[in-house]
Amino acid sequence: MKKADLLMIPGPTPLPEPVREVMGRPAIGHRSAEFKEVLKRVFPKLQWIFGSKNQVFLYTASGTGAMEASMSNTLNPGDRVLALVNGVFSHRWAEIAKTLGLQVETLDVPHGEAHTPAMLQEYLEARKETDYKAVLLNHSETYTGVLSPIRQLVSVIRQTHPQTLIILDAITSLGATEFSLDEWDIDVAVSGSQKGFMLPPGLSFLALSERAWQAHQHCQQPGYYFNFTRYQKAQLENTTPYTPATPQILGLDVALTLMQEEGLEAIIRRHQTLSRMTRAGVKAMGLEPFVREDALASPSVTSFLPPAGISVDAVRSGLKKRFGIVIADGQKELKGKIMRIGHLGHVSEREVLTTLSALEAVLTELGHAVPTGAGVAAAIEASQNTHTQTPAQKAVSHA
Ligand SMILES: Cc1ncc(COP(=O)(O)O)c(C=O)c1O
């Protein structure tokens, strides 16, 4: 019997059974009292995960939609913005900004690295007089697997540019690492459903500060579909301005409850553990992590180079054909150069250990000698015996 593939990519992630179950129910009307009740439960749970007392907007669009909304609603054509770029997704900020007619400046660091607070401080000190309307940042750069030190970068920005909007892509960091919009003094943060939220693609979320809301009041072309004002008004009445992806929102209600049951600290610990395990596992198999510094390793995705003489395609197709395990290729310039194992959302030690042992088998078959069990042994050692299971997995194993 063919089993479902195990998705070990940095989104879409595996889906918990209760989420799949609720999404497969008969359709309900998006203006029904029943659906309003769902939204009424969902909105405060979104505030909880973003660490914000303010409204969080819920868009039926992928993460990029919320990225565009964050700037189209707060900035005006001609405004100057600074984008911190360390990969394809952080570069997307610059691309969207250009499309919106903003003046874009980028501060680039090599792929696989993160901007350091010292480097940003030096850059901004020299540009104290520059009127940046926004700084655009990425928390977890899925292209490489780098986690940037956002909290420190924000405090550096606030020293020289206290009123500049700080806009963050938290698409593969939210629900995987520490984050709080209010405490960290961030103005807009966006995320997407197919990541730490354990849902299929199709929804994105946008949290904002009072400063961002004020900027919206002076925005000349906030657009139509993503317009903050329309979402604010509709959401206050527990509805949405346009027809939303109802099954995904029913799933979101359940997924956020599962996350609350697990607790934020436990979720963060689980992702840290899985990242440590994966990194230790690939290293022990003689593979080189693309992100050299352990301290910069993303909790959601680990990237590494294939062994000399073995192609990324051969490894990925061996994993898929023999074990039904899907890992990601690199993208764009890194296509065929790195592989990426996602460990985000509804995943635990079980999936990581399975993937590492399957990887060992495939590498051995392809001629890369791996001491038997080396990856798994290193991963178990790195787990420090913190047993990670998501609440949905616990519920199934106790049933
Ligand atoms: C960090 C990051 N930013 C932005 C995006 C784009 O999101 P979407 O594909 O949902 O539009 C992704 C998608 O993988 C991502 O990982």
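Residues numbered from 1 in each chain as written. Predicted model: local features only at pLDDT ≥ 70, side-chain atom pairs only at ≥ 80, totals over all residues.

(A) How the structure looks around the overall build of the chain. A tally of helices and strands in the chain yields 14 helices and 13 strands. Computed over its C-alpha atoms, the radius of gyration of the chain comes to 21 Å, within 12% of the 21 Å expected for a compact globule of 399 residues. Dimensions of the chain, computed from C-alpha atoms along their principal axes, come out at roughly 60 × 55 × 30 Å. Looking at the chain residue by residue over its 399 residues, the buried ones come to 48%. Taking all contacts inside the chain whose residues are at least 6 apart in sequence as the whole, residues at least 24 apart take part in 74%. (Helix = DSSP H or I, 4+ residues; strand = E, 2+ residues; numbered from the N terminus. Rg over C-alpha atoms; globule rule 2.2 N^0.38 Å. Buried ≥ 20, exposed ≤ 12 C-beta atoms within 10 Å, placed from the backbone. Contact = placed C-beta atoms within 7 Å.)

(B) Helix α8 (residues 228-236), seen in detail. Of the positions making up α8, those classed as buried are Phe228, Tyr231 and Gln235. Taken around the axis of α8, the buried residues stretch over an arc of 65°, which confines them to a single face. Opposite the buried face of α8, at more than 90 degrees from it, the exposed residues are Lys233 and Leu236. Buried residues along α8 sit in contact with α2 (33-50), β2 (56-60) and α7 (210-217). Within two residues after α8, asparagine 238 carries a phi angle of roughly 55°, on the positive side. (Arc of directions from axis to C-beta.)

(C) Quick look at the site of the ligand. The full set close to the ligand counts 13 residues, and Ser62, Gly63, Thr64, Phe89 and Thr142 are the nearest of them. Each residue belonging to the shell around the ligand can be placed in one class, and the counts come to 3 nonpolar, 9 polar and 1 charged. (Near = placed C-beta within 6 Å. Nonpolar A, V, L, I, M, F, W, Y, C, P; charged D, E, K, R; others polar.)

(D) Structural detail: the sheet that holds strand β10 (residues 203-208). On the basis of which strands lie adjacent, the open sheet formed by 7 strands has the order β2-β10-β9-β8-β5-β3-β4 and mixed pairing. The open sheet has two edge strands with one neighbour each: β2 and β4 (103-108). Going from strand to strand, the sheet's axes swing by 20° on average, the running direction of each strand aside. Bridge analysis of β2 against β10 gives 5 bridges, and the strand direction is antiparallel. Looking at the pairing, valine 56 lines up with alanine 207 of β10. (Pairing = 2+ DSSP bridges. Axes fitted to C-alpha atoms, helices over the stretch in contact; angles between N-to-C directions.)

(E) Representation of the domain arrangement of the chain within the structure. According to the domain assignment, the chain consists of domain 1 (6-12 + 263-398) and domain 2 (17-261). The C-alpha centroid of domain 2 is placed 27 Å from the C-alpha centroid of domain 1. Across the boundary between the two partners, domain 1 contributes 28 residues, which contact 28 residues of domain 2. Counting only elements with at least two residues in the side of domain 1 that touches domain 2, the list comes to α10 (264-284), β11 (301-304) and α14 (391-398). Within the side of domain 1 that touches domain 2, the residues separate by chemical class into 15 nonpolar, 10 polar and 3 charged. (Domains from an automatic or database assignment.)

(F) View of helix α9 (residues 246-262). Look at α9: 25 Å from first C-alpha to last across 17 residues, which is about the 24 Å you get at 1.5 Å a residue. Residues of α9 that are buried: Gln248, Ile249, Leu250, Gly251, Leu252, Val254, Ala255, Leu256 and Met259. Phi turns positive, to about 90°, at glycine 263, one or two residues after α9. (Expected span 1.5 Å × (residues − 1).)

(G) View of the pairing of strand β3 (residues 80-85). Of all 6 residues making up β3, 5 are buried, and the element is well covered by its neighbours. Judged from the 6 bridges that link them, β3 and β4 form a sheet pairing that is parallel. Bridge pairing links valine 85 to aspartate 108 in β4. For the handedness criterion, the β-α-β arrangement of β3, helix α4 (residues 88-99) and β4 is classed as right-handed. Relative to strand β5 (residues 132-138), β3 runs parallel, the two being bridged by 4 bridges. What sits directly across from arginine 80, in β5, is tyrosine 132. (Right-handed = clockwise from strand over helix to strand, strands pointing away.)

(H) Inspection of the nonpolar core at higher detail. With 116 residues, the main nonpolar core has Leu136 and Leu206 as its most contacted residues. When residues in this core are grouped by element, the largest group, 7 residues, is from α9. Looking at which domains feed residues into this core, each of domain 1 (6-12 + 263-398) and domain 2 (17-261) gives three or more. Look past the residues within four positions of leucine 206 in its chain and what remains in contact with it is Val56, Phe57, Tyr59, Ala66, Ala69, Ser70, Val188 and Val190. (Core = buried A, V, L, I, M, F, W, Y, C linked by C-beta atoms within 7 Å.)

(I) Local environment of unusual backbone geometry. Following glycine 11, the chain continues to proline 12 via a peptide bond in cis, the omega torsion being -5°. As for its placement among the helices and strands, proline 12 is situated in the loop between β1 (6-8) and α1 (17-23). Although it is not a glycine, methionine 198 adopts a positive phi angle of roughly 60°. Position of methionine 198 relative to the elements: it lies in the loop between β9 (188-192) and β10.

(J) Up close: the packing of helix α3 (residues 63-72) against α4. With their axes 10 Å apart at the nearest point, α3 and α4 run at an angle of 55° to one another. Regarding the angle of α3 to α4, the classification is oblique. The handedness of the crossing between α3 and α4 is right-handed. For the pair α3 and α4, the contacting residues are Thr64, Met67, Glu68 and Met71 in the first and Arg92, Trp93, Ile96 and Ala97 in the second. Partitioned by chemical class, the residues of the contact of α3 with α4 number 5 nonpolar, 1 polar and 2 charged. (Parallel < 35°, antiparallel > 145°, perpendicular 65-115°, else oblique. Left-handed = near helix turned anticlockwise from the far one by under 90°.)

(K) Layout of the packing of α2 against α9. One can describe the packing of α2 onto α9 by two numbers: an axis separation of 9 Å at closest approach and a directional angle of 45°. Between α2 and α9, the interaxial angle falls into the category oblique. Crossing hand, α2 versus α9: left-handed. Contact with α2, carried on its side by Phe35, Val38, Arg41, Val42, Lys45, Trp48 and Ile49, involves Thr246, Ile249, Leu250, Leu252, Asp253, Leu256, Met259 and Gln260 of α9 and no other residues of that element. For the contact of α2 with α9, the class distribution of residues is 10 nonpolar, 2 polar and 3 charged.

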